[in-house]
Structure formats: C-alpha cells, structure tokens
Amino acid sequence: MDRQIVYPAQIPLDSDQLNAQRNAYVGMGHLAGMAYGQATVAASGFACAPGTGLALIMAPGSLIAPGVVDASSYGTLAAVPSALVRQYVSRDPVTLDVPGAGAVYIVYVSPVTQDADDTVLPFYNAANPSVTYAGSDNSGATAPTVRQDLAQLAIGASVPAGAYPLWTVTVPAGASAITADMLTQAPGAPFYDTIPQLQAAKQDALGFIPVQQGGGTNQTTDKINIGQDSTYAGLLRVAISGTDKGNLLSGTWGATITGLTGDLPGLGLWFQHTTQRPAFAYQTADGNAAIIDLPNQADVQTVQTNLATFQTAQATENATLSANISDCVSGIYGKSSADYQMLGLYQQGSTGRPIVVFNNGTTTVYNGIANYADVTTLQTSLAAFQTQQSDQNSTFSSEIAARVPTNATNDGTNAPITLMNYYIGTGIPWASANGISFNLVQTNPGTGWNQIKNLTVYGASGALTVLDATGATNTYAPCSADSEDSYDTMVVGNMRFLSFTTTGYDGQVINYPIAFSGTPKAPVITSSESQDGSAESVVANINKGSVTETGFTAHLARISGSDQYGIPSTQPVTLNILVMGPK
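Cut-offs used in this document
- Residues numbered from 1 in each chain as written.
- Predicted model: local features only at pLDDT ≥ 70, side-chain atom pairs only at ≥ 80, totals over all residues.
- Heavy atoms only, no water.
- Helix = DSSP H or I, 4+ residues; strand = E, 2+ residues; numbered from the N terminus.
- Rg over C-alpha atoms; globule rule 2.2 N^0.38 Å.
- Buried < 20%, exposed > 50% of the residue type's maximum accessible area, 1.4 Å probe, protein only.
- Areas by Shrake-Rupley, 256 points an atom, 1.4 Å probe, with all protein chains shown as cover.
- Lys, Arg positive; Asp, Glu negative; His and termini not counted.
- Charge placed at Lys NZ, Arg CZ, Asp CG, Glu CD.
- Pairing = 2+ DSSP bridges.
- Core = buried A, V, L, I, M, F, W, Y, C linked by side-chain atoms within 4.5 Å.
- Contact = heavy atoms within 4.5 Å.
- Axes fitted to C-alpha atoms, helices over the stretch in contact; angles between N-to-C directions.

Here we come to the overall build of the chain. Counting its regular elements, the chain contains four helices and 35 strands. The C-alpha radius of gyration computed for the chain amounts to 59 Å, which surpasses the reference 25 Å derived for 583 residues by more than 25%, pointing to a less compact arrangement than a globule. When the backbone C-alpha atoms are referred to their principal axes, the chain occupies close to 165 × 130 × 40 Å. The 583 residues of the chain split such that 21% are buried. When the accessible surface of the chain is summed, it comes to about 39,300 Å², and 56% of that surface belongs to carbon and sulfur atoms. When the 19 positive and 39 negative side-chain charges of the chain are each reduced to one mean point, those points stand 5 Å apart.

In structure tokens form, the structure reads like this:
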C-alpha cells in the first residue's frame with residue numbers, strides 16, 4: 001500500500017491529503033479482494049426484523065462489490081479506472097415500508113458513490129492574506145466535502161440491475177403487520193460466514209481425525225463417496241471418482257435392532273480355514289461376538305443325497321402304513337371344515353361309558369357316549385311315559401269335546417282361534433287368531449237400547465248399515481274433513497262441502513282449491529267493501545251458466561257511492577265462498 005511523504009517546512013498541497021486517502025482506499029480494496037476475491041460480492045450485517053405494521057427495520061451493514069478506483073475526478077486528482085474491490089456502508093438502521101399485502105417482495109441493496117455535504121468553504125486570498133474568500137474566487141458557491149460509498153436499501157417486487165438481493169418478504173393477503181415467519185434470506189443473497197464462523201468449522205473443532213480418502217499402500221488417490229442407498233434404507237453404497245460401484249455388505253440392512261428381543265447386528269462374513277466353510281459373525285444380545293459356520297455346496301449336496309434316500313424309504317413305509325390304515329376305522333372320514341378332529345376314544349372306569357375327546361378351538365372337551373344300558377333305561381322310561389300320555393290325551397279329548405270347535409289349521413281362508421278371554425277391567429271379551437288379538441263387540445245393551453243384530457258396510461259408498469233387534473235399519477255415511485291455510489273442506493258420503501276466501505275482480509274466473517267430480521250446486525258468495533279507499537259496499541253474484549266442476553265467473557258491483565251500481569275495476573274485492581257438490 002502506498003503512503004505519502006511530507007517534509008518539515010514543506011508547503012502542504014491538497015493533493016497530498018487526497019492521495020493519502022486514495023492510497024488507504026486502494027490498499028483496503030485490495031485487501032478485501034484477497035479475502036473475498038476480485039469479482040465477489042459480499043454483504044455483512046443488514047439484519048431484517050419486523051417493524052410497526054407493514055414495515056421492516058434494517059440493521060446497519062456493509063457491501064463489498066467490484067468497481068474502479070475513481071470513475072470521476074477526486075478533488076484535484078484525476079479519475080483512475082483501475083479495478084478495485086470497494087466497500088459500501090449503511091451506517092444507521094433504515095425503515096422500509098412494505099408496499100402491501102398479498103404479494104412477495106425482495107429487500108435489495110445498491111452500491112452508490114456520491115459527492116455530498118456541500119459547503120461554502122473558506123479559500124486563501126493571495127492579494128490580501130488577512131481576508132479569506134468565501135468559496136472559490138470568492139464566488140460564494142458551495143462545494144462537496146466528502147465522497148461517500150453508500151449501501152442504499154430498498155424493497156420491491158424485483159431486483160433492479162446493479163442491485164443485490166438480501167431478503168424475501170412473503171406477505172399473506174389481508175395481513176396488517178409483518179411477522180418474523182414472513183422473512184427468509186433471498187436466493188443468491190451475498191452473505192458469507194465471518195472469520196470466527198469459519199474458524200469454528202475448521203477440522204480442529206470436529207473433535208476427531210477424519211479418514212483420508214485413498215493414497216495408502218496399494219491404493220489410488222481417487223475420491224471415495226460412501227452414503228446410504230437412496231432406494232434401500234440401511235444399505236451403504238460406494239462411488240469412486242463419481243462412478244457408482246454398487247452396495248457394500250451391510251450388517252444391519254433389513255434388520256429390526258431392538259435390543260434383547262429383536263434382530264442382532266452382523267459383524268463379518270469370511271471363509272474359515274479350519275472348517276473350509278463360510279463363517280458369519282454376529283453380536284449376541286449380551287454384547288459378545290458369536291460365530292456360525294455356513295454350509296457350502298458340498299454340504300447341500302450331501303443333504304440332498306440323504307433326502308433322496310429318505311424319500312425313497314418313506315414312500316415304501318407310506319405304502320405299508322396306508323395298507324394298514326385301510327383296515328382301521330377313520331376318525332376323519334366325512335369330516336367337514338366346521339367339524340372338530342377327535343383326539344382320543346377310551347372307556348372311563350368311573351362311569352363305565354366310552355369317552356370321546358376333541359378340541360373345539362379353545363379348550364379340550366371330554367364327552368361321554370351312551371352305552372346299551374343307558375338305551376334300555378330310556379326305553380323303559382319312554383314306555384311308561386307313553387302310557388301316561390295316552391291317559392292324559394283321553395282326558396284332553398273329553399275336555400275339548402265340551403268346548404267350541406275351531407279350524408284345526410290355517411287353510412288360507414279361516415284360521416283357528418288360539419285364545420279367548422274376558423277382560424275384567426273393561427268388561428270386553430277378546431280373542432287371538434293367526435297372531436292377531438282383537439276385541440269382540442258387546443251386543444248386550446242397557447235398558448232402553450236395542451241389541452245390534454248385524455253391522456255391514458256398503459262397498460260402493462262405504463256407508464255403515466246397522467240392523468237392530470227391532471228390525472230397524474240405519475245407514476251412516478262416511479265423513480272426513482281437511483283444513484289448509486287457504487281452505488276448509490268436509491266430505492259426507494259422496495258430498496263435499498268446500499269453504500275458502502279469495503280476492504277477485506268483476507268478470508274474473510274464481511277457481512276452487514279442490515275440483516269437484518261433477519258440477520256443484522250454485523256457490524254461496526259474499527263480498528267485502530271496495531278496497532279503493534272509499535269503503536263502499538260491493539254486491540257479489542255469479543254469472544249465469546258459469547258454474548263448472550273447477551270454478552265460476554264472479555260479477556261484482558257497487559251498491560253505494562257516486563257511481564252506484566258501477567263495476568269496481570281499480571281494486572280487487574275479498575270474496576267468501578261456500579260450495580257443495582259431488583266429491
């Protein structure tokens with residue numbers, strides 16, 4: 001780094017001071033280039049935190065970026081276009097307003113060089129040294145007093161040319177304040193670890209000595225990569241100088257290592273000299289190593305030969321056993337999948353009966369089998385019961401003969417009465433037949449009432465006909481009623497009575513809420529006063545010949561007022577209607 005030399009009694013020049021600053025400036029720039037590289041952009045500081053509402057607080061920071069010594073003249077010094085890494089600084093915290101919610105923004109930094117702090121400077125007056133000039137040539141003009149390299153912070157939807165991204169701000173729609181989870185470091189942000197951070201990441205902070213890759217005896221210096229297989233978890237895969245070399249034998253791949261109760265890790269696989277067989281070593285549950293000999297091809301061939309010999313001998317034995325079995329009783333002949341296999345059959349000394357043993361899938365069951373003595377005892381008991389039952393049947397027949405007979409079975413037309421009773425609480429007899437219970441109508445009226453001899457219903461009309469003991473016949477037609485918000489109706493026999501309220505004009509067709517099956521009698525119609533505000537009476541009639549099964553035509557006229565007998569045409573009239581006709 002260059003340094004200016006001055007001498008005692010030397011007249012100081014402005015170029016001496018400017019060169020001193022430029023020399024330091026250039027030296028610092030080259031030092032930054034050595035640390036970061038001549039073409040590297042690096043940022044330090046610029047921590048980003050939520051402010052009040054939709055605002056961010058940016059901490060002070062600095063930016064290192066490639067440039068030139070001076071693109072323009074520096075005071076009285078000429079411009080120097082030599083390449084130089086320069087430092088741009090933001091000294092104080094900066095508040096940035098986020099443009100709005102529902103978008104993603106980027107906080108970026110721009111390197112800016114500017115001459116600032118313009119001031120009217122005092123100048124030496126050679127003509128009168130005791131009086132100074134105000135500004136150059138006593139012009140009173142201002143001049144910049146500092147050249148600043150500034151790191152200017154801003155926020156926007158994109159990063160303009162010449163600027164560098166620092167932070168990404170993702171603001172959800174409707175958000176009214178910035179939170180920490182909305183802030184992430186922007187892709188490509190030029191943040192680098194500091195020297196203390198780099199020191200902490202050096203090997204002396206690992207706490208162990210790493211293994212060198214290659215370079216040993218009978219080894220190449222190729223780079224080796226070892227990692228878990230991307231398809232089969234637990235398998236190690238090796239690559240040499242970027243070329244995949246496949247999997248390594250893993251002692252735990254596919255195993256479930258859960259201590260004493262799970263699988264155990266393998267330790268090695270090799271060919272054992274003493275046994276001339278492969279050997280496998282593993283770690284036992286107590287942590288010790290155990291070795292198992294594995295069979296080779298000769299072992300397998302020997303077993304195969306022995307197996308073939310055994311199969312021949314077993315086939316001969318099976319033929320002999322099969323012939324013997326054919327002369328025996330089979331305990332599974334005819335057995336289905338739901339049946340149980342018998343486990344044993346023996347004579348029990350305590351009961352003198354055979355015992356069959358089987359397992360029902362849950363427990364072993366011991367069941368006794370009846371012997372001949374059991375059967376003869378049962379036969380004797382059955383004969384005695386049959387004699388007793390014959391006597392009982394004779395008694396039943398006598399009692400049944402004294403009762404009212406019913407159908408013996410349900411023949412599709414008549415069903416037998418299975419129960420008949422008299423309920424004391426109501427004095428009503430009732431019976432049960434074909435699974436249905438029903439009351440019997442009393443025909444024993446009190447004094448002054450005639451006894452009912454018959455009740456019938458006429459199919460066409462559904463009318464109820466009652467014949468009493470005097471021979472008199474009375475008919476009662478069926479009746480029903482219905483009520484809706486807009487009408488009321490009642491049906492007696494085949495006749496319907498219909499009542500409803502509506503509004504209408506003169507000459508308007510009034511439709512019934514329910515149509516009749518035939519033309520009804522002339523409806524009865526009444527009306528309200530006119531609804532035009534004059535409160536005049538209105539008479540309602542039916543146009544002759546207009547009555548049908550579905551409605552009629554109304555005729556309305558005033559009976560008072562200046563246009564007496566006139567037709568109310570401007571306002572409807574409320575009509576109350578009663579109609580009777582065939583349903």
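By the bridge criterion, 10 bridges tie strand β30 (residues 495–504) to strand β35 (residues 573–582) in an arrangement that is antiparallel. Looking at β35, one finds that S499 is bridged to L578. Bridge count between strand β32 (residues 524–527) and β35: four bridges; the pairing is antiparallel. Residue V524 lies in a different strand from β35, and its bridge partner there is L578.

Take the nonpolar core next. Among the nonpolar cores identified, the biggest contains 25 residues, and F46, L56, M58, V107, I155, V169 and I178 are the most heavily contacted of them. At the level of secondary structure, the elements contributing two or more residues to this core comprise β3 (55–58), β4 (61–70), β7 (103–116), β10 (146–156) and β11 (164–171). Looking at this core element by element, the count peaks at four residues for β11. Beyond its immediate chain neighbours, meaning those up to four positions away, L56 contacts C48, A49, G51, V94, T95, L96, V98, V107, I155, V169, I178 and L183. Counting residues in each nonpolar core, the second largest holds 17 residues, with L498, F516, V538 and V579 among its members.

The sheet built from three strands is open, its strands ordered β19-β20-β21 with antiparallel pairing. Looking at which strands have only one partner, the edges of the open sheet turn out to be β19 (342–347) and β21 (364–368). Between one strand axis and the next, the sheet turns through 20 degrees on average, direction left out of account. In the sheet, strand β20 (residues 354–359) pairs with β21 via five bridges, with the strands oriented antiparallel. Residue pairing in the sheet places V357 in a bridge with Y366 of β21.

Glancing now at the sheet that holds strand β28 (residues 479–483). Spatial strand order, β28-β29-β30-β35-β32: five strands in an open sheet with antiparallel pairing. Sheet topology places β28 and β32 at the edges, where each strand pairs with a single neighbour. Strand after strand, the sheet turns through a mean of 10 degrees between neighbouring axes, direction not considered.

A few words now on the environment of S480. Secondary-structure assignment places S480 in strand β28. Separated by 186 residues in sequence, S480 and L294 place their C-alpha atoms 98 Å apart. Beyond its immediate chain neighbours, meaning those up to four positions away, S480 contacts T489, M490 and V491.

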